[in-house]
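Results of the structural survey
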Amino acid sequence: MRIAVLGLGGVGAAAARFLAAAGHSVVGLEQYHLDHDRGSSFGASRIIRRVYPDALYAGLMDAAYPLWDALERESGEELRLRCGGFFFGPEGHPEMIDTERALDAVGVSYARWTAAEAQRRLPPFRLRPDEYGLFEPESGLLRASACVLANARGARAHGADLREGARVLAIEPTPGGIKLRLADETLRVDRLVVTAGPWTGPLLAPWLRLPLAVTRQQYAHFAADPAPFAPERFPVWIDMAELFYGFPAHPPVPGAKVALHEPGPVHDPDSPDREPSAADNATLRGYLERRLPALAAGPVTYSKVCLYTMTPDHGFLIDRLPGEPRVIFVGGLSGHGFKFTVLLGQIAARLAADDDPGHNLEPFSLRRFGLDPPT
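This structure is a prediction, so every number in the text was calculated from the model and none was measured.

On to the pairing of strand E14 (residues 213–222). If a strand is regular, its side chains alternate between the two faces of the sheet. In terms of residue burial, E14 counts as a mostly covered element, since nine of its ten residues are buried. Bridging between E14 and strand E17 (residues 256–260) involves four bridges; their strand directions are antiparallel. When the sheet's bridge partners are listed, Ala 220 is paired in E17 with Val 258.

The next point concerns the packing of aromatic side chains. In total, this model carries 22 aromatic pairs according to the counting rule given. Judged by centre distance (5.0 Å) and plane angle (75°), the rings of Tyr 57 and Phe 316 are edge-to-face. Linking Tyr 57 in helix H2 (residues 55–75) with Phe 316 in the loop between strand E18 (300–310) and strand E19 (317–321), this pair joins segments that are 259 residues apart in sequence. Both residues of the pair, Tyr 57 and Phe 316, belong to the buried class. Sitting over the ring of Tyr 219, Lys 257 keeps its end group 4.3 Å from the ring centre.

Sheet strands pair via backbone hydrogen bonds, and the direction of the pair is either parallel or antiparallel. Here six strands make up an open sheet; going across it, the order is E9-E2-E1-E13-E20-E19 and the pairing mixed. For this open sheet the edge positions go to strand E9 (161–164) and E19, each flanked by a neighbour on one side alone. Going across the sheet, the axis of each strand differs from the next one's by a mean of 20°, ignoring polarity. When strand E13 (residues 191–194) meets strand E20 (residues 324–331), the two strands line up parallel, connected through three bridges. Bridge assignment links Val 194 to a residue of E20, and that residue is Phe 329.

Rules used in this analysis
Residues numbered from 1 in each chain as written. Predicted model: local features only at pLDDT ≥ 70, side-chain atom pairs only at ≥ 80, totals over all residues. Heavy atoms only, no water. Buried < 20%, exposed > 50% of the residue type's maximum accessible area, 1.4 Å probe, protein only. Helix = DSSP H or I, 4+ residues; strand = E, 2+ residues; numbered from the N terminus. Pairing = 2+ DSSP bridges. Phe/Tyr/Trp six-rings, centres within 6.5 Å; stacked < 30°, edge-to-face > 60°. Lys NZ or Arg CZ within 6 Å of the ring centre and 35° of its normal. Axes fitted to C-alpha atoms, helices over the stretch in contact; angles between N-to-C directions.

If you want it as C-alpha cells, here you go:
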C-alpha cells in the first residue's frame, strides 16, 4: 500500500521505518524539519524505565526494550545510556505502593533501599528518614534526538520518502483513498498515520474533538562537579511524590538535567513564545536545594521549553478515526511516552497495514472517553 505518515517525531519516524521495512510505499510529512525543537521529541535525553505504578505500562516496556536494542544495532550508534534508575518517596505513599505492586506483577527485579542506604549508595541525594527508594538497574536514558534521526535514516534506507517543510493543510477522505492537500501539491494515499504530537488535535478536529491539552514544560541543566553526577555513579531519578525528575550529566549539554513532570500551563504549539522562564528555573533550583544541594549550587547551563500533549487520564490514544478506519492516529503521550515511541511506531505501522497490532489496544481506545471508533 501507499501509506503517509503525518508528523515525524518519535512515533512517526519509527512508524515510517517499520512500514518501509515491510515493503510499503511510504511518504513521511514533517511540517518543520527532522528533529525540530517545537514538539515533544527533541533533546539530549528521555528516561527509559520499567518502573511504573501501572502494570500496563511496566509490562509494555518488555516489548519496547528489544526494539530499542534493534534500532541501536541497525544505526550503529549508542542510543541508550544504561545508568540505572532511582525512584523514591515516603513510606506508604500510593505511588510507591502501586509501583512495587506493578513491578512484582510483571517480574521486574529491583532493590529496596532505606533512606540511610540510599544516602550511602548515592551521596548527592538527601532523603528524609520516612522515605525510601527503589533502584532498578536496567533503567537509563534514551538520546531522544538521536533516536528520532536513527529511525528516520532507517526509514529512508528502506525506501521511504521523508519530506521536510511539508505542512498538510487538509485531510480529505475519498472513496478512492485519502487526499492530503499541501501548499503546492495534493497527495493520494491508501492509509494515513497521524503522529503529529501537539498538532494531532487540530488536524483531526473536522471529525472529532480529541480530549487533548497541550502544555508548556521547562527543564534545565545545572552545572556542578561532574564526578558525582557522571552516569557511572549517578542514575536517572524520579521523586514519585513531588514529580520532579532528573538525569546524570551527559554530553552534549553540560550539567545534570532536572525537570518537573506536573503539567504546565496550556500552550498553543504554534506560538513563538518559547523563552524559558526564570521563575521556572527558580522552582527547579528550590527543589534541588532540598534534595541535591551540590547540584543546586551550580549555575544553569541550559534551559529549554518543550510540550506535553495530555489526555485526561494521562494514558495514550491509539485508534482509528471514527467513520474512517483508513486513518490511524497515535497521540496523547502525556509526558511519559518517549520510551514507548519505537513500540508505538510499530503498532501504528501494523494497524495501517491491517495486521495484528500484537497488543491489546482497548486501554488506549477512544471508547474510554465515550468516543467510539469505527466498527
